[in-house]
Amino acid sequence: MTETTAPTAAEQARDKRGYHSNLDVPLLEVKDLVKHFPVKSSGLLRRTIGQVQAVDGVTFTVRKGSALGLVGESGCGKTTTGRVVTRLYDPTSGSMMFEGNELATLSSKEMMPYRREIQLIFQDPYSSLNPRHTVGTIVGTPMLVHNTVPKNKMIARVQELLETVGLNPEHYNRYPSEFSGGQRQRIGIARALALNPKLIVADEPVSALDVSIQAQVVNLLQDLQKEFGIAFLFIAHDLAIVRHFCPDIAVMYLGKIVEMGGRDQIYNSPHHPYTQALLSSAPDVKQAAIGGRRERIRLEGDVPSPINPPSGCRFRTRCWKAQEICANEEPPLLQVGGRQVACHFAEPLQVIAAEEGEIAAQVDDDSSDSPRLEVR
């Protein structure tokens, strides 16, 4: 007879979420999401005189147990998108389907059950923790609000979460000021895990941390994703971190997604001019190792105002490929070369070999499991 072993708690959590069999099943489907902020006039009447088009027609999908990276320069609408998905902001229009249920039109009361399933890790580990509350109160409050853990078991559950994120469970009665920046971010992660969510929106979770601490936090998030089958909407500036953590990438510019596809497709062969410029600004160690280099693309001019964005393609005022059609027609997000691109003149960027002037071979990296970041 063959011996059977009881499944672990992590395996039971993954099975409950369908993690083993539904990796390609959409968990979150966002379609034509719009968030505009009114611009008010000064004076007594405070009339609306314009709209800040922070997010304007964004469409993407986050698969169960996977991670979608959202990248772009400051002011492109990444954080606003994350906050609309978590319903910290109400959407102006559009659809957000979570496991087949529409979130965009729900009231605050109707949204309460879904707040257990969707959690947020904030960018700043200092201002996102109440300095007057102990760690036990900070991590335990979500469970108290949603009544998921009896009060007599609250301390034990908080200590379990602190141990899960690599903190001393005996420190539950300390205050945030007694912890370092990296430890505070771990407290924020423990708070996000308290309700066993299916989706975590990570809003630049490592940008305020030192490089060595960044690696520790990213490795922690990666371990938690594998252990509990959590899906991530990962918002970041650091292109290397996003490439390491996310199998799917979406690039935003001025409130719109301009290119979206798999990790290797986006990083090895970007098609949109903005994606090409964005990637050329970051050093590529892997490309240097094979003797090639990307030409640095220097964009001219400033990012247009989201109050009055350019007609047609929003990137045309800084694009070296812009023609008359770019001003007259907004390019739709279409399937091109295995990814989605919003450009009338989408084409891959050539990589120049170091000495011979030939296009260098692409790095063959089809591994589904990302390696861990090294801490030195």
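Each remark here, short or long, concerns the structure printed above.
Residues numbered from 1 in each chain as written. Predicted model: local features only at pLDDT ≥ 70, side-chain atom pairs only at ≥ 80, totals over all residues. Heavy atoms only, no water.

> Is there a simple way to think about helix α10 (residues 273-280) in this case?
One turn of the α-helix equals 3.6 residues, which is why residues spaced by three or four share an orientation. Taken across its 8 residues, α10 has 8 buried, putting it largely inside the fold. Looking at the packing, one finds that the buried side of α10 touches β3 (67-71), α8 (239-245), β9 (248-253), β10 (256-262) and α9 (263-268). (Buried < 20%, exposed > 50% of the residue type's maximum accessible area, 1.4 Å probe, protein only. Helix = DSSP H or I, 4+ residues; strand = E, 2+ residues; numbered from the N terminus. Contact = heavy atoms within 4.5 Å.)

> For this particular structure, what's the right way to read the pattern of salt bridges?
Tallying each qualifying case throughout the model produces 9 salt bridges. Between R87 and D90 there is a salt bridge; the shortest N-O distance is 2.8 Å. Overall, the relative accessible area of 45% leaves D90 in the partly exposed class. In this structure, R339 engages E259 in a salt bridge whose closest nitrogen and oxygen atoms are separated by 2.7 Å. With a gap of 80 residues between them, R339 in strand β13 (residues 339-341) and E259 in strand β10 connect regions that are remote in the sequence. A residue is classified by how much of its surface remains accessible, and E259, at 0% relative accessible area, is buried. (Salt bridge = Lys/Arg side-chain N within 4 Å of Asp/Glu carboxyl O.)

> Where do I start with the side chain of H244 in this structure?
Looking at where H244 falls in the secondary structure, it is placed in helix α8. Here the side chain of H244 touches Q222 through a polar contact of 3.5 Å, side chain to side chain. (Polar contact = N/O pair within 3.5 Å; in protein donor to acceptor, adjacent residues only side chain to side chain.)

> What is the right way to look at the nonpolar core in this model?
Note on soluble globular proteins: their nonpolar side chains tend to be buried together. By size, the foremost hydrophobic cluster in this structure holds 55 residues, and its most contacted members are I189 and F234. Filtering out sequence-adjacent residues up to four positions away, I189 remains in contact with I121, V165, V217, L220, L221 and L224. By size, the runner-up hydrophobic cluster in this structure holds 31 residues, among which are V58, V62, F98 and M260. (Core = buried A, V, L, I, M, F, W, Y, C linked by side-chain atoms within 4.5 Å.)

> Is there a simple way to think about the sheet that holds strand β4 (residues 93-98) in this case?
Paired through backbone hydrogen bonds, the strands of a sheet run either parallel or antiparallel to each other. Taken in spatial order, the 4 strands of this open sheet run β2-β1-β4-β5, and their pairing is antiparallel. Of all strands in the sheet, those with a lone pairing partner are β2 (48-63) and β5 (101-102), marking the two edges. Pairing of β4 with β5, which is carried by 2 bridges, proceeds in the antiparallel orientation. Paired with F98 across the strands is N101, a residue of β5. In the packing of helix α2 (residues 78-85) onto the sheet, the strands contacted are β1 (26-40), β2 and β4, and the crossing angle to β1 comes to about 115°. (Pairing = 2+ DSSP bridges. Axes fitted to C-alpha atoms, helices over the stretch in contact; angles between N-to-C directions.)

> Explain the packing of aromatic side chains here, please?
Note on aromatic pairs: each is described by the distance of the centres and the angle between the planes. On inspection of all chains with the given rule, the structure shows 7 aromatic pairs. Relative to Y89, the ring of F37 lies with its centre 5.4 Å away and its plane at 85°, an arrangement referred to as edge-to-face. Remark: Y89 occurs in the loop between α2 and β4 and F37 occurs in strand β1; sequence separation between them is 52 residues. Exposure remark for F37: the relative accessible area of 26% places this residue in the partly exposed category. Positioned above the aromatic ring of F37 is the side chain of K35, whose terminal nitrogen or guanidinium carbon lies 5.0 Å from the ring centre. (Phe/Tyr/Trp six-rings, centres within 6.5 Å; stacked < 30°, edge-to-face > 60°. Lys NZ or Arg CZ within 6 Å of the ring centre and 35° of its normal.)

> Explain the packing of helix α6 (residues 181-193) against helix α7 (residues 211-228) here, please?
Across the interface, α6 lies against α7 with an axial gap of 10 Å and an inter-helix angle of 15°. The angle between the axes of α6 and α7 places the two elements in the roughly parallel class. For α6 against α7, the interelement crossing comes out right-handed. Note on element contacts: α7 touches α6 through I213, Q216, V217, L220, L221 and L224, opposite G182, Q185, R186, I189 and L193. Residues of the contact of α6 with α7, tallied by class, amount to 7 nonpolar, 3 polar and 1 charged. (Parallel < 35°, antiparallel > 145°, perpendicular 65-115°, else oblique. Left-handed = near helix turned anticlockwise from the far one by under 90°. Nonpolar A, V, L, I, M, F, W, Y, C, P; charged D, E, K, R; others polar.)

> What exactly am I supposed to notice about the sheet that holds strand β7 (residues 199-203) here?
Ordered by their spatial adjacency, 8 strands build an open sheet running β6-β7-β8-β3-β9-β10-β13-β12, and the pairing between neighbours is mixed. Of all the strands in the sheet, just β6 (118-121) and β12 (334-336) have a single pairing partner and so form its edges. Averaged over all neighbouring strand pairs, the angle between strand axes comes to 25°, with direction disregarded. Note that β3 and strand β8 (residues 231-235) share 4 bridges and pair parallel. Counted as the bridge partner of L68 is L233 from β8.

> So what exactly am I meant to see when it comes to the state of the cysteines here?
Covalent bonding between the sulfur atoms of two cysteines defines a disulfide. A full pass over the atoms with the stated rule returns 0 disulfides. Lacking any disulfide linkage, C313 is separated from the closest cysteine sulfur, that of C326, by 5.9 Å. Free cysteine: C343, not disulfide-bonded; nearest cysteine sulfur from C319 at 6.0 Å. Judged by relative accessible area, which is 19%, C343 ranks as buried. (Disulfide = S-S within 2.5 Å.)

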